[in-house]
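Take a look at the letters that make up each chain.
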Amino acid sequence: MTIATERLPVVAQATRRRASLSALLDRQDVFSWLMMALPLAFLAALVGYPFFYGILLSLEDRPVAHAGTFVGLRNFVADAHDPVFWQVAANTFIYTGAATLLKMVGGLGLALAMNQHFRMKNLVRAVLLLPFIVPTVLSTVAWLWMLDPAFSVVNRLMVALGWPRPGPSWLGNPTLAMVSIIVINTWRGLPFYGISLLAGLQAVPADLYEAASIDGAGGWARFRFITLPMLRPIILIVTLFSVIFTFADFQLVYVLTHGGPANATQLFATYAFDIAMNGGQLGLGASVALAMLPALALLIVLLTVYLRRE
């Protein structure tokens, strides 16, 4: 028997292996898992480990530079008896609800305006993205100067229009401070809403509007029965993202007010940071941060049910 004849079974076996491997990769479920393997590993390393480590910290009495002592749910019980914690919870819900509603309404109006035909439309769209593109800390520092009691451009304009000098203290008054961070968060998030909804508007078939116009439907009827139903899935997704980002907001609030005055703008993220880093209580700070999860999950579920309801 020649060498070539002896190699035939080996070659046939290798060919069968390659064929079986190719058939395995052609299966949709196997290929999907292979494509998700790297992102899942990335999430496990950069999200999963900090998350579970945060849970471990929340169950310990862990001062900075000291070993932790297991205390169970004592940190969460301390949070429940802390009046500042409940003020923080109320602040977070007010901040998230007001900013999300303003971004939803304003973003829809912005998308409708940008969907019209006018000169230099592409340039206007590019400029409108600037608030979302500029780094959060940089744009927030600019707003900090604009709202400064002594150098505020806003106050000077109001005084020029007849407001008594020196103008309101935007970040020193509890109510005005909350209004200020809501307005700035809305300003920053409007482009995200506007561009996302604009993409949805451009996907609506023009034939639907033409047919509705022929049937005698006015502008409001076309908006209510065509535009809104067609945009519902996009509104759902964009609102979910907005709720998540706004609920866990840290940079904007911390740069502007540090949670003040008198905890009037303190949110879950900023309060957890203050307790853990400034107060040196890592376990208690982790418990405050984890307290966001049930509230955020409840918000997402309620929002999903409401927006998917016919």
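Because the structure is predicted, anything quoted here is derived from the model rather than measured.

Quick word on the overall build of the protein chain
Scanning the protein chain from N- to C-terminus turns up 15 helices and 2 strands. Look at the contacts in the protein chain between residues 6 or more apart in sequence, and 67% of them connect residues 24 or more apart.

With respect to the confidence of the model for the protein chain
Predicted coordinates in areas of low pLDDT are best not read in detail. Here the protein chain averages 82 in pLDDT, and 88% of its residues register 70 or above. Predicted confidence for residues 1-5 stays below pLDDT 50, and this span has 1 contact to residues more than four positions away or in other chains.

A look at the nonpolar core
Core analysis: the biggest nonpolar cluster contains 17 residues, and Phe85, Phe247, Phe268, Tyr271 and Val288 have the highest contact counts within it. Elements with a contribution of two residues or more to this core: helix H4 (83-114), helix H11 (219-247), helix H13 (268-278) and helix H15 (292-308). Contact partners of Phe268, with chain neighbours within four places excluded, come to Phe85, Val88, Ala89, Thr92, Phe247, Val288, Ala291 and Met292. Formed by 15 residues, the second largest nonpolar core is a distinct cluster that contains Tyr95, Met158, Leu171 and Met178.

Quick notes on the side chain of Thr92
Residue placement: Thr92 occurs in helix H4. Among the polar contacts made by the side chain of Thr92, one reaches the main-chain carbonyl oxygen of Val88 at a distance of 2.8 Å. If we skip the residues at most four places from it in the chain, Thr92 touches Phe247, Leu267 and Phe268.

Structural notes on the pattern of salt bridges
Under the defined criterion, the tally for this structure stands at 1 salt bridge. The shortest N-O distance in the salt bridge between Arg62 and Glu60 comes to 3.9 Å.

What about the packing of aromatic side chains?
Using the criterion set out here, one finds 12 aromatic pairs in the structure. Ring centres of Phe85 and Trp86 lie 5.3 Å apart, and the angle between their planes is 80°; this geometry places the pair in the edge-to-face category. With 5.7 Å between their ring centres and 55° between their planes, Phe85 and Phe268 make a pair best called tilted. Separated by 183 residues along the polypeptide, Phe85 in helix H4 and Phe268 in helix H13 bring together distant segments of the chain.

Observations regarding the environment of Thr136
Secondary-structure assignment places Thr136 in helix H7 (residues 136-146). Sequence separation between Thr136 and Val255 is 119 residues; the distance between their C-alpha atoms is 9.5 Å. Those residues in contact with Thr136 that lie beyond four places of it in its chain are Arg188, Gln251 and Leu252.

A look at unusual backbone geometry
The amide bond that connects Gly260 to the next residue, Pro261, takes the cis arrangement and shows omega of -5°. On the secondary structure map, Pro261 appears in the loop between helix H12 (251-256) and H13. At His258, a position not held by glycine, the phi torsion is positive, near 55°. Structurally, His258 is set in the loop between H12 and H13. Judged by its relative accessible area of 47%, His258 is partly exposed. Unusually for a residue other than glycine, Asn263 sits at a positive phi of about 65°.

Points about the packing of H13 against helix H14 (residues 282-290)
For any two helices packed against each other, the geometry comes down to the angle between their axes and how far apart the axes lie. Between H13 and H14, the shortest axis-to-axis distance is 7 Å and the interhelical angle comes to 175°. On the basis of their axis angle, the class for H13 and H14 is roughly antiparallel. Each of Phe268, Tyr271, Ala272, Ile275 and Ala276 in H13 lies in contact with H14, whose residues at this interface are Leu282, Leu284, Gly285, Val288 and Ala289. In the contact of H13 with H14, the residues fall into 9 nonpolar, 1 polar and no charged.

What to know about H13
The element H13 is extensively covered by neighbouring structure, given that 8 of its 11 residues are classed as buried. Within H13 the residues assigned to the buried category are Phe268, Ala269, Thr270, Tyr271, Ala272, Asp274, Ile275 and Ala276. Backbone geometry just downstream of H13 places Gly280 in the positive-phi region, at approximately 75°.

Considering the packing of H4 against H11
Closest axis-to-axis distance for the H4/H11 pair is 10 Å, and the angle between their directions is 140°. It follows from the interaxial angle that H4 and H11 lie oblique. H11 is crossed by H4, and the crossing has right-handed handedness. Packed against H4, whose contacting residues are Thr92, Phe93, Tyr95, Thr96, Ala99, Thr100, Lys103, Met104, Leu108 and Leu112, the element H11 presents Phe223, Thr227, Leu228, Leu231, Ile235, Thr239, Ser242, Val243, Thr246 and Phe247 at the interface.

Things to note about H7
For the α-helix, the turn length of 3.6 residues means that residues three or four positions removed from each other point alike. Within H7 the residues assigned to the buried category are Thr136, Ser139, Thr140 and Trp143. Seen end-on, H7 carries its buried residues on one side only, within an arc spanning 100°. Set apart from the buried face of H7 by more than 90 degrees, the exposed residues are Leu138 and Trp145. Packed against the buried residues of H7 are helix H9 (174-202) and H12.

What to know about the environment of Val127
Along the polypeptide, Val127 turns up in helix H5 (residues 121-128). Val127 sits 64 residues away from Pro191 along the chain, and the two C-alpha atoms are 9.6 Å apart.

Cut-offs used in this document
- Residues numbered from 1 in each chain as written.
- Predicted model: local features only at pLDDT ≥ 70, side-chain atom pairs only at ≥ 80, totals over all residues.
- Heavy atoms only, no water.
- Helix = DSSP H or I, 4+ residues; strand = E, 2+ residues; numbered from the N terminus.
- Contact = heavy atoms within 4.5 Å.
- pLDDT = per-residue confidence, 0-100.
- Core = buried A, V, L, I, M, F, W, Y, C linked by side-chain atoms within 4.5 Å.
- Buried < 20%, exposed > 50% of the residue type's maximum accessible area, 1.4 Å probe, protein only.
- Polar contact = N/O pair within 3.5 Å; in protein donor to acceptor, adjacent residues only side chain to side chain.
- Salt bridge = Lys/Arg side-chain N within 4 Å of Asp/Glu carboxyl O.
- Phe/Tyr/Trp six-rings, centres within 6.5 Å; stacked < 30°, edge-to-face > 60°.
- Axes fitted to C-alpha atoms, helices over the stretch in contact; angles between N-to-C directions.
- Parallel < 35°, antiparallel > 145°, perpendicular 65-115°, else oblique.
- Nonpolar A, V, L, I, M, F, W, Y, C, P; charged D, E, K, R; others polar.
- Left-handed = near helix turned anticlockwise from the far one by under 90°.
- Arc of directions from axis to C-beta.

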